[in-house]
Amino acid sequence: MKSLYKIFSICFLFSLVLITSCGESFDDISDDFGGEGKGGSTARFTFLKGYLYIVDETSLKTIDISQPDNPQVLSTVNVGPGIETIFPYENFLFLGSQTGMYIYSLENGPTPTYLSLFEHSYACDPVVVANNIAYVTLRSGTACATGPDRMEVVDVTNLSNPSLITTIEMINPHGLAVNDTLLFVGEGEFGFKVFNIKNRRDPVEIAYYDSIPANDMISINGRRELIITGEKGIFQYNYADIDSIYQMSQIVATNEN
Amino acid sequence: MKKLNRSRHLFSHYFALAAIFLLFACDDWNNVPDFDVEETTGYRPVYATEAEAEVKTLPAQEVENAGKIYVIGDYLLIVEQLRGVHIFDNSDPSNPDNIGFLQIAGNGDVAVRDNLLYADQGANLLAIDISDLNNIKVASTIKDVFPFGSKYPPSEGSYFECPDPSKGLVVGWELTTLQNPKCYR
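Residues numbered from 1 in each chain as written. Chains lettered and ligands numbered in written order. Predicted model: local features only at pLDDT ≥ 70, side-chain atom pairs only at ≥ 80, totals over all residues. Heavy atoms only, no water.

**Q** Which parts of the structure should I look at to understand the overall build of chain A?
**A** In terms of helices and strands, chain A carries one helix and 19 strands. With 257 residues in all, chain A has 54% of them scored as buried. Surface summary for chain A: the accessible area is close to 11,400 Å², and the carbon and sulfur share equals 51%. (Helix = DSSP H or I, 4+ residues; strand = E, 2+ residues; numbered from the N terminus. Buried < 20%, exposed > 50% of the residue type's maximum accessible area, 1.4 Å probe, protein only. Areas by Shrake-Rupley, 256 points an atom, 1.4 Å probe, with all protein chains shown as cover.)

The following block contains the structure:
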(Lines give C-alpha, C1' and ligand atoms only; values in the text may rest on other atoms or scores of the structure.)
Protein backbone atom coordinates (compact mmCIF):
# COMPACT_ATOMS: atom_id res chain seq x y z
CA MET A 1 0.00 0.00 0.00
CA LYS A 2 2.82 2.28 0.92
CA SER A 3 4.65 1.60 -2.35
CA LEU A 4 1.42 2.17 -4.30
CA TYR A 5 1.17 5.56 -2.65
CA LYS A 6 4.77 6.21 -3.60
CA ILE A 7 4.11 5.32 -7.24
CA PHE A 8 1.05 7.52 -7.25
CA SER A 9 2.86 10.49 -5.87
CA ILE A 10 5.71 10.04 -8.35
CA CYS A 11 3.20 9.89 -11.20
CA PHE A 12 1.48 12.97 -9.85
CA LEU A 13 4.73 14.91 -9.67
CA PHE A 14 5.70 13.71 -13.14
CA SER A 15 2.39 14.86 -14.58
CA LEU A 16 2.86 18.24 -12.93
CA VAL A 17 6.21 18.59 -14.66
CA LEU A 18 4.55 17.63 -17.94
CA ILE A 19 1.77 20.15 -17.50
CA THR A 20 4.11 22.99 -16.71
CA SER A 21 6.42 22.16 -19.59
CA CYS A 22 3.59 22.08 -22.10
CA GLY A 23 2.74 25.78 -22.18
CA GLU A 24 2.64 27.64 -25.47
CA SER A 25 5.09 30.37 -26.37
CA PHE A 26 5.84 31.44 -22.80
CA ASP A 27 6.53 28.38 -20.67
CA ASP A 28 5.93 28.54 -16.94
CA ILE A 29 6.46 32.27 -16.66
CA SER A 30 3.66 33.37 -14.45
CA ASP A 31 4.24 35.56 -11.44
CA ASP A 32 7.87 36.24 -12.27
CA PHE A 33 7.45 39.96 -12.76
CA GLY A 34 6.72 40.66 -9.11
CA GLY A 35 8.57 43.23 -7.06
CA GLU A 36 10.16 46.36 -8.49
CA GLY A 37 12.56 46.51 -11.41
CA LYS A 38 15.47 48.73 -12.22
CA GLY A 39 16.12 50.96 -15.21
CA GLY A 40 19.19 52.70 -16.59
CA SER A 41 20.32 56.26 -15.98
CA THR A 42 18.51 57.54 -19.06
CA ALA A 43 15.15 56.30 -17.76
CA ARG A 44 12.22 58.70 -17.62
CA PHE A 45 10.25 56.46 -15.20
CA THR A 46 11.12 55.44 -11.67
CA PHE A 47 9.40 54.06 -8.58
CA LEU A 48 9.96 55.53 -5.17
CA LYS A 49 8.07 54.86 -1.94
CA GLY A 50 5.27 53.08 -3.79
CA TYR A 51 4.64 55.80 -6.36
CA LEU A 52 5.57 55.99 -10.02
CA TYR A 53 7.42 59.15 -11.05
CA ILE A 54 7.65 60.27 -14.64
CA VAL A 55 9.54 63.12 -16.30
CA ASP A 56 8.47 64.49 -19.63
CA GLU A 57 10.28 67.45 -21.15
CA THR A 58 9.11 70.10 -18.71
CA SER A 59 7.35 68.37 -15.83
CA LEU A 60 7.62 65.79 -13.07
CA LYS A 61 4.48 63.74 -12.50
CA THR A 62 3.49 61.62 -9.51
CA ILE A 63 1.34 58.60 -10.42
CA ASP A 64 -0.61 56.96 -7.61
CA ILE A 65 -0.42 53.23 -8.38
CA SER A 66 -1.93 51.97 -5.14
CA GLN A 67 -4.89 50.64 -7.12
CA PRO A 68 -3.20 48.64 -9.86
CA ASP A 69 -6.11 48.74 -12.28
CA ASN A 70 -6.81 52.40 -11.71
CA PRO A 71 -3.62 54.49 -11.55
CA GLN A 72 -4.11 58.23 -11.23
CA VAL A 73 -1.99 61.31 -11.84
CA LEU A 74 -1.67 62.66 -8.31
CA SER A 75 0.30 65.79 -9.16
CA THR A 76 2.27 67.53 -11.89
CA VAL A 77 5.19 69.75 -10.95
CA ASN A 78 6.52 72.11 -13.60
CA VAL A 79 10.28 71.87 -13.53
CA GLY A 80 11.74 73.63 -16.57
CA PRO A 81 12.71 72.93 -20.16
CA GLY A 82 14.63 69.90 -21.38
CA ILE A 83 14.01 67.43 -18.54
CA GLU A 84 15.35 64.09 -19.73
CA THR A 85 16.14 61.63 -16.94
CA ILE A 86 15.12 60.69 -13.40
CA PHE A 87 17.14 58.85 -10.72
CA PRO A 88 15.87 57.84 -7.25
CA TYR A 89 18.18 58.20 -4.25
CA GLU A 90 16.93 57.71 -0.68
CA ASN A 91 13.93 60.07 -0.36
CA PHE A 92 15.01 62.21 -3.28
CA LEU A 93 14.67 62.44 -7.03
CA PHE A 94 17.55 63.63 -9.19
CA LEU A 95 16.56 64.94 -12.60
CA GLY A 96 18.94 65.33 -15.52
CA SER A 97 18.08 68.23 -17.78
CA GLN A 98 19.67 70.28 -20.51
CA THR A 99 20.39 73.08 -18.06
CA GLY A 100 21.53 71.15 -15.02
CA MET A 101 20.72 68.70 -12.27
CA TYR A 102 17.53 69.22 -10.27
CA ILE A 103 17.00 67.73 -6.82
CA TYR A 104 13.46 67.18 -5.50
CA SER A 105 12.43 65.86 -2.10
CA LEU A 106 9.69 63.42 -1.17
CA GLU A 107 10.13 64.01 2.54
CA ASN A 108 6.92 66.04 2.71
CA GLY A 109 4.77 63.49 0.88
CA PRO A 110 4.45 61.99 -2.59
CA THR A 111 4.34 65.35 -4.40
CA PRO A 112 7.99 66.33 -4.95
CA THR A 113 9.21 69.62 -3.53
CA TYR A 114 12.08 71.53 -5.13
CA LEU A 115 15.39 71.60 -3.28
CA SER A 116 17.99 72.83 -5.75
CA LEU A 117 19.27 73.19 -9.29
CA PHE A 118 22.94 72.59 -9.97
CA GLU A 119 23.43 74.47 -13.23
CA HIS A 120 25.86 73.71 -15.98
CA SER A 121 26.30 74.75 -19.59
CA TYR A 122 23.83 73.45 -22.15
CA ALA A 123 24.21 69.72 -22.43
CA CYS A 124 21.97 66.68 -22.59
CA ASP A 125 22.68 64.03 -20.06
CA PRO A 126 21.90 61.97 -17.01
CA VAL A 127 22.87 61.72 -13.37
CA VAL A 128 23.46 58.87 -10.90
CA VAL A 129 24.06 59.15 -7.14
CA ALA A 130 25.86 57.06 -4.51
CA ASN A 131 27.14 57.90 -1.02
CA ASN A 132 26.17 61.57 -1.26
CA ILE A 133 28.06 62.07 -4.51
CA ALA A 134 26.30 62.75 -7.80
CA TYR A 135 27.96 61.93 -11.11
CA VAL A 136 26.65 63.96 -14.03
CA THR A 137 27.71 63.53 -17.64
CA LEU A 138 27.66 66.39 -20.11
CA ARG A 139 28.14 65.77 -23.76
CA SER A 140 28.52 67.84 -26.88
CA GLY A 141 27.85 66.86 -30.45
CA THR A 142 24.12 67.42 -30.33
CA ALA A 143 22.20 70.55 -31.16
CA CYS A 144 21.80 71.19 -27.45
CA ALA A 145 25.34 71.01 -26.26
CA THR A 146 27.65 73.95 -26.31
CA GLY A 147 29.81 72.82 -23.43
CA PRO A 148 32.72 70.42 -23.40
CA ASP A 149 32.47 66.65 -22.97
CA ARG A 150 32.98 65.89 -19.33
CA MET A 151 31.71 64.33 -16.14
CA GLU A 152 30.99 66.45 -13.10
CA VAL A 153 31.48 65.00 -9.63
CA VAL A 154 29.16 66.85 -7.27
CA ASP A 155 28.90 66.71 -3.49
CA VAL A 156 25.20 66.50 -2.60
CA THR A 157 25.59 66.03 1.16
CA ASN A 158 23.72 69.32 1.42
CA LEU A 159 20.91 68.65 -1.03
CA SER A 160 19.85 72.27 -1.05
CA ASN A 161 23.30 73.42 -2.02
CA PRO A 162 25.26 70.92 -4.15
CA SER A 163 28.89 71.79 -4.73
CA LEU A 164 31.26 70.77 -7.51
CA ILE A 165 34.17 68.60 -6.39
CA THR A 166 35.88 67.99 -9.69
CA THR A 167 35.32 67.52 -13.40
CA ILE A 168 36.73 64.70 -15.50
CA GLU A 169 37.31 65.09 -19.24
CA MET A 170 35.41 62.56 -21.34
CA ILE A 171 35.09 61.79 -25.06
CA ASN A 172 31.31 61.66 -25.58
CA PRO A 173 29.71 60.59 -22.30
CA HIS A 174 26.19 59.15 -22.22
CA GLY A 175 24.53 57.03 -19.51
CA LEU A 176 26.22 55.75 -16.37
CA ALA A 177 25.82 53.30 -13.49
CA VAL A 178 27.24 53.28 -9.99
CA ASN A 179 27.68 51.10 -6.91
CA ASP A 180 29.69 51.55 -3.73
CA THR A 181 33.10 51.09 -5.30
CA LEU A 182 32.73 51.35 -9.06
CA LEU A 183 31.40 53.85 -11.56
CA PHE A 184 30.68 52.86 -15.16
CA VAL A 185 30.37 55.57 -17.80
CA GLY A 186 29.19 55.03 -21.38
CA GLU A 187 31.11 56.97 -24.03
CA GLY A 188 28.49 56.39 -26.75
CA GLU A 189 30.10 54.95 -29.87
CA PHE A 190 33.52 55.26 -28.21
CA GLY A 191 32.90 52.51 -25.66
CA PHE A 192 32.71 52.64 -21.88
CA LYS A 193 34.97 53.36 -18.94
CA VAL A 194 35.26 51.96 -15.43
CA PHE A 195 36.25 54.18 -12.53
CA ASN A 196 37.31 53.14 -9.05
CA ILE A 197 35.42 55.35 -6.58
CA LYS A 198 36.68 53.91 -3.30
CA ASN A 199 37.83 57.45 -2.76
CA ARG A 200 34.42 58.76 -3.65
CA ARG A 201 35.59 62.33 -4.24
CA ASP A 202 38.25 61.29 -6.71
CA PRO A 203 37.20 58.73 -9.34
CA VAL A 204 40.17 56.94 -10.87
CA GLU A 205 39.84 55.40 -14.34
CA ILE A 206 40.85 51.73 -14.18
CA ALA A 207 39.60 50.35 -17.49
CA TYR A 208 38.45 51.52 -20.91
CA TYR A 209 36.67 49.23 -23.37
CA ASP A 210 36.71 51.17 -26.62
CA SER A 211 35.04 48.55 -28.83
CA ILE A 212 31.73 48.22 -26.94
CA PRO A 213 29.43 51.15 -27.78
CA ALA A 214 27.52 52.19 -24.66
CA ASN A 215 24.56 54.55 -24.50
CA ASP A 216 23.27 53.41 -21.13
CA MET A 217 23.81 50.67 -18.56
CA ILE A 218 22.42 48.96 -15.49
CA SER A 219 24.60 47.62 -12.69
CA ILE A 220 23.13 44.63 -10.85
CA ASN A 221 25.15 45.20 -7.73
CA GLY A 222 24.21 41.97 -5.92
CA ARG A 223 25.43 39.84 -8.80
CA ARG A 224 28.31 42.16 -9.70
CA GLU A 225 27.01 42.32 -13.23
CA LEU A 226 26.72 45.12 -15.74
CA ILE A 227 24.30 45.28 -18.64
CA ILE A 228 25.14 47.71 -21.42
CA THR A 229 22.94 48.93 -24.27
CA GLY A 230 24.45 50.54 -27.32
CA GLU A 231 24.37 50.61 -31.07
CA LYS A 232 25.97 47.17 -31.44
CA GLY A 233 23.47 45.61 -29.04
CA ILE A 234 23.37 44.44 -25.43
CA PHE A 235 26.56 43.36 -23.67
CA GLN A 236 26.69 41.75 -20.24
CA TYR A 237 29.76 41.87 -18.03
CA ASN A 238 30.81 40.32 -14.75
CA TYR A 239 32.90 42.57 -12.52
CA ALA A 240 33.21 40.37 -9.41
CA ASP A 241 36.97 40.77 -9.81
CA ILE A 242 37.61 44.34 -10.88
CA ASP A 243 41.04 43.38 -12.14
CA SER A 244 39.52 40.98 -14.62
CA ILE A 245 36.14 42.21 -15.76
CA TYR A 246 34.89 39.85 -18.44
CA GLN A 247 32.13 39.77 -21.01
CA MET A 248 29.49 37.11 -20.40
CA SER A 249 27.28 37.51 -23.44
CA GLN A 250 26.15 39.69 -26.29
CA ILE A 251 22.74 40.23 -27.90
CA VAL A 252 23.46 41.51 -31.38
CA ALA A 253 21.51 44.47 -32.73
CA THR A 254 20.90 43.79 -36.39
CA ASN A 255 20.60 47.46 -37.41
CA GLU A 256 23.66 49.24 -36.20
CA ASN A 257 22.73 52.91 -36.24
CA MET B 1 49.38 93.11 -34.61
CA LYS B 2 46.45 94.93 -36.17
CA LYS B 3 45.62 91.90 -38.25
CA LEU B 4 45.48 89.73 -35.21
CA ASN B 5 43.01 92.07 -33.52
CA ARG B 6 40.84 92.03 -36.55
CA SER B 7 40.70 88.29 -36.80
CA ARG B 8 39.83 88.13 -33.15
CA HIS B 9 37.03 90.55 -33.81
CA LEU B 10 35.76 88.42 -36.67
CA PHE B 11 36.01 85.35 -34.52
CA SER B 12 33.82 86.92 -31.86
CA HIS B 13 31.21 87.66 -34.52
CA TYR B 14 31.19 84.07 -35.59
CA PHE B 15 30.92 83.04 -32.01
CA ALA B 16 27.93 85.30 -31.43
CA LEU B 17 26.22 83.96 -34.54
CA ALA B 18 26.87 80.39 -33.48
CA ALA B 19 25.54 81.13 -30.02
CA ILE B 20 22.33 82.58 -31.44
CA PHE B 21 21.89 79.59 -33.71
CA LEU B 22 22.39 77.20 -30.83
CA LEU B 23 19.95 79.09 -28.66
CA PHE B 24 17.31 78.54 -31.32
CA ALA B 25 18.27 74.95 -31.95
CA CYS B 26 17.99 74.09 -28.30
CA ASP B 27 14.38 74.98 -27.91
CA ASP B 28 11.48 72.92 -29.11
CA TRP B 29 10.54 73.11 -32.72
CA ASN B 30 8.38 76.12 -32.01
CA ASN B 31 11.49 78.26 -32.07
CA VAL B 32 13.18 77.28 -35.25
CA PRO B 33 16.14 78.30 -37.33
CA ASP B 34 14.85 79.13 -40.78
CA PHE B 35 11.58 77.96 -42.22
CA ASP B 36 11.94 79.61 -45.58
CA VAL B 37 13.43 76.39 -46.91
CA GLU B 38 11.15 74.97 -49.57
CA GLU B 39 12.79 71.64 -50.16
CA THR B 40 15.15 69.96 -47.75
CA THR B 41 16.17 66.60 -46.37
CA GLY B 42 14.37 65.63 -43.19
CA TYR B 43 12.32 63.08 -41.34
CA ARG B 44 8.75 62.00 -41.96
CA PRO B 45 6.79 60.11 -39.29
CA VAL B 46 5.74 56.53 -40.00
CA TYR B 47 2.37 55.75 -38.45
CA ALA B 48 1.22 52.43 -37.00
CA THR B 49 -1.27 50.42 -38.98
CA GLU B 50 -4.33 49.18 -37.12
CA ALA B 51 -2.65 45.78 -36.57
CA GLU B 52 0.52 47.42 -35.29
CA ALA B 53 -1.36 49.66 -32.86
CA GLU B 54 -2.68 46.73 -30.82
CA VAL B 55 -0.82 45.91 -27.60
CA LYS B 56 -0.05 42.20 -27.72
CA THR B 57 2.68 39.61 -27.39
CA LEU B 58 4.40 38.25 -30.48
CA PRO B 59 7.00 35.54 -30.97
CA ALA B 60 10.59 36.52 -30.24
CA GLN B 61 12.06 38.97 -32.73
CA GLU B 62 15.60 40.04 -33.50
CA VAL B 63 16.78 43.14 -31.70
CA GLU B 64 17.15 45.72 -34.47
CA ASN B 65 18.01 48.87 -32.55
CA ALA B 66 18.75 48.38 -28.87
CA GLY B 67 16.98 51.14 -26.92
CA LYS B 68 16.58 51.55 -23.19
CA ILE B 69 16.97 48.51 -20.96
CA TYR B 70 15.14 47.40 -17.82
CA VAL B 71 15.75 44.57 -15.35
CA ILE B 72 12.94 42.89 -13.41
CA GLY B 73 13.72 39.70 -11.51
CA ASP B 74 15.44 37.33 -13.92
CA TYR B 75 14.12 39.20 -16.93
CA LEU B 76 15.81 41.74 -19.14
CA LEU B 77 13.61 44.05 -21.19
CA ILE B 78 15.02 45.84 -24.22
CA VAL B 79 13.03 48.63 -25.80
CA GLU B 80 12.81 48.56 -29.59
CA GLN B 81 12.26 52.26 -30.02
CA LEU B 82 8.65 53.16 -30.97
CA ARG B 83 7.71 49.50 -31.55
CA GLY B 84 7.72 47.64 -28.25
CA VAL B 85 9.76 45.56 -25.85
CA HIS B 86 11.92 42.45 -26.30
CA ILE B 87 11.58 40.09 -23.32
CA PHE B 88 14.67 38.05 -22.43
CA ASP B 89 14.90 35.38 -19.77
CA ASN B 90 18.21 36.48 -18.26
CA SER B 91 18.42 33.93 -15.44
CA ASP B 92 21.68 32.83 -17.09
CA PRO B 93 23.35 36.10 -18.15
CA SER B 94 25.91 34.10 -20.13
CA ASN B 95 23.07 32.96 -22.31
CA PRO B 96 20.11 35.38 -22.36
CA ASP B 97 17.09 33.72 -23.92
CA ASN B 98 14.87 35.77 -26.22
CA ILE B 99 11.38 34.58 -25.26
CA GLY B 100 9.05 37.06 -26.90
CA PHE B 101 8.14 40.54 -28.01
CA LEU B 102 5.59 42.81 -26.40
CA GLN B 103 4.24 45.04 -29.13
CA ILE B 104 3.58 48.59 -27.89
CA ALA B 105 3.55 50.99 -30.83
CA GLY B 106 5.00 54.40 -30.03
CA ASN B 107 6.84 53.19 -26.91
CA GLY B 108 10.12 54.53 -25.54
CA ASP B 109 10.25 53.83 -21.80
CA VAL B 110 9.08 51.04 -19.50
CA ALA B 111 9.06 50.22 -15.78
CA VAL B 112 7.67 47.13 -14.02
CA ARG B 113 6.23 46.71 -10.54
CA ASP B 114 4.16 43.81 -9.20
CA ASN B 115 3.41 42.28 -12.60
CA LEU B 116 2.31 45.58 -14.12
CA LEU B 117 4.39 47.05 -16.90
CA TYR B 118 4.05 50.81 -17.24
CA ALA B 119 4.78 52.09 -20.73
CA ASP B 120 4.41 55.30 -22.66
CA GLN B 121 2.44 55.00 -25.88
CA GLY B 122 2.49 58.32 -27.67
CA ALA B 123 0.84 60.73 -25.26
CA ASN B 124 -0.65 58.01 -23.05
CA LEU B 125 0.60 55.98 -20.11
CA LEU B 126 -0.41 52.32 -20.21
CA ALA B 127 -0.40 49.84 -17.34
CA ILE B 128 -0.13 46.38 -18.87
CA ASP B 129 -0.78 43.26 -16.79
CA ILE B 130 2.03 40.85 -17.73
CA SER B 131 1.43 38.27 -14.99
CA ASP B 132 0.54 35.82 -17.77
CA LEU B 133 2.53 36.48 -20.92
CA ASN B 134 0.16 34.27 -22.88
CA ASN B 135 -2.67 36.53 -21.95
CA ILE B 136 -1.47 40.08 -21.38
CA LYS B 137 -4.04 42.80 -20.77
CA VAL B 138 -3.99 46.58 -20.84
CA ALA B 139 -5.20 47.13 -17.28
CA SER B 140 -5.55 50.89 -17.64
CA THR B 141 -4.75 53.87 -19.82
CA ILE B 142 -4.12 57.40 -18.58
CA LYS B 143 -4.44 59.86 -21.41
CA ASP B 144 -2.17 62.83 -22.07
CA VAL B 145 0.48 62.06 -19.47
CA PHE B 146 3.07 62.92 -22.13
CA PRO B 147 1.86 66.09 -23.79
CA PHE B 148 4.92 66.06 -26.03
CA GLY B 149 4.42 62.41 -26.97
CA SER B 150 6.89 60.56 -29.16
CA LYS B 151 7.32 63.39 -31.54
CA TYR B 152 10.97 63.66 -32.29
CA PRO B 153 12.98 62.10 -35.07
CA PRO B 154 16.05 60.14 -34.00
CA SER B 155 18.63 62.82 -34.66
CA GLU B 156 18.73 66.37 -33.39
CA GLY B 157 19.39 69.31 -35.63
CA SER B 158 17.11 68.26 -38.45
CA TYR B 159 13.86 69.27 -40.08
CA PHE B 160 10.88 66.97 -39.84
CA GLU B 161 7.22 66.73 -40.75
CA CYS B 162 5.20 67.52 -37.61
CA PRO B 163 3.38 64.36 -36.48
CA ASP B 164 -0.40 64.41 -36.79
CA PRO B 165 -1.97 62.46 -33.88
CA SER B 166 -5.15 61.91 -35.91
CA LYS B 167 -3.11 59.72 -38.28
CA GLY B 168 -2.21 57.35 -35.45
CA LEU B 169 0.81 56.48 -33.37
CA VAL B 170 4.27 57.26 -34.65
CA VAL B 171 6.27 54.03 -34.91
CA GLY B 172 9.25 55.27 -36.86
CA TRP B 173 10.86 57.98 -38.95
CA GLU B 174 12.02 57.86 -42.53
CA LEU B 175 14.65 60.13 -43.97
CA THR B 176 13.24 61.75 -47.06
CA THR B 177 12.86 64.99 -48.99
CA LEU B 178 10.42 67.38 -47.34
CA GLN B 179 8.55 70.33 -48.82
CA ASN B 180 8.18 73.32 -46.49
CA PRO B 181 8.76 71.45 -43.21
CA LYS B 182 7.16 73.07 -40.19
CA CYS B 183 9.06 71.27 -37.46
CA TYR B 184 12.71 71.32 -36.45
CA ARG B 185 14.69 69.91 -33.60
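From this point on, the discussion continues.
**Q** Would you mind showing me how to read the sheet that holds strand β3 (residues 51–64) of chain A here?
**A** Adjacent strands of a sheet form backbone hydrogen bonds with each other and so pair up, either parallel or antiparallel. Residue and element names in this part refer to chain A. With antiparallel pairing, six strands are arranged side by side in an open sheet as β2-β3-β4-β5-β6-β7. Each end of this open sheet is capped by a strand with a single partner; those strands are β2 (45–48) and β7 (113–119). Taking the axes of each pair of neighbouring strands and ignoring which way they run, one obtains an average angle of 35° across the sheet. Inspection of the sheet shows β3 paired to strand β4 (residues 72–89) by seven bridges, in the antiparallel sense. If you follow Asp64 over to β4, its bridge partner there is Gln72. (Pairing = 2+ DSSP bridges. Axes fitted to C-alpha atoms, helices over the stretch in contact; angles between N-to-C directions.)

**Q** Would you explain the domain arrangement of chain B in this entry?
**A** How large an interface is tends to be reported as the accessible area lost when its parts come together. Residue and element names in this part refer to chain B. In terms of domains, chain B is made up of domain 1 (2–46 + 151–184) and domain 2 (47–142). Contacts between domain 1 and domain 2 engage twelve residues on the former and eleven residues on the latter. Across the interface of domain 1 and domain 2, roughly 840 Å² is buried in total on both sides, 66% from carbon and sulfur atoms. For domain 1, the biggest contributors to the area lost against domain 2 are Lys167, Leu169 and Val171; these three give 66% of the whole. Joining domain 1 to domain 2, the criterion identifies zero salt bridges. The tally of links from domain 1 across to domain 2 stands at two residue pairs in polar contact (both at pLDDT 80 or more). For the side of domain 1 that touches domain 2, the element with the highest residue contribution is strand β12 (residues 170–179), accounting for four residues. A per-class count over the side of domain 1 that touches domain 2 returns eight nonpolar, two polar and two charged. (Domains from an automatic or database assignment. Contact = heavy atoms within 4.5 Å. Buried area = accessible area lost by both parts, 1.4 Å probe. Salt bridge = Lys/Arg side-chain N within 4 Å of Asp/Glu carboxyl O. Polar contact = N/O pair within 3.5 Å; in protein donor to acceptor, adjacent residues only side chain to side chain. Nonpolar A, V, L, I, M, F, W, Y, C, P; charged D, E, K, R; others polar.)

**Q** Looking at this structure, how should I read the interface of chain A and chain B?
**A** Counting from both sides, the interface comprises 61 residues of chain A and, opposite them, 57 residues of chain B. Summing both partners gives a buried area of about 5,100 Å² for chain A against chain B, and 61% of it is carried by carbon and sulfur. Viewed at the interface, chain B and chain A are joined by four salt bridges. The salt bridge involving Asp74(B) is made with Arg223(A); its shortest N-O contact spans 3.6 Å. Where chain A touches chain B, the interface holds 17 residue pairs in polar contact (both at pLDDT 80 or more). Residue assignment for the side of chain A that touches chain B shows that the elements contributing at least two residues are β1 (38–39), β2, β3, β4, β16 (216–220), β17 (225–230), β18 (233–238) and β19 (246–252) of chain A. Examined bridge by bridge, β1(A) and strand β3 (residues 66–72) of chain B share two bridges and lie antiparallel to one another. Paired with Gly39(A) across the bridge in β3(B) is Tyr70(B).

**Q** What exactly am I supposed to notice about empty space enclosed by the protein here?
**A** Where empty space is left can be seen by rolling a probe of water-molecule size over the atoms. According to the stated counting rule, one finds one cavity of 30 Å³ or more in the structure shown. Empty space within the largest cavity amounts to approximately 60 Å³. Considering the residues around the largest cavity, the lining is formed by Gly39(A), Gly40(A), Ala43(A), Lys68(B), Ile69(B), Tyr70(B), Val79(B), Asp109(B) and Val110(B). In terms of residue class, the lining of the largest cavity is made up of five nonpolar, two polar and two charged. (1 Å grid on protein atoms, 1.4 Å probe; cavity = no way out; pocket = protein on both sides within 12 Å on 5 of 7 lines; lining within 4 Å. Points joined across faces, edges and corners; volume = space filled by probe spheres on them.)

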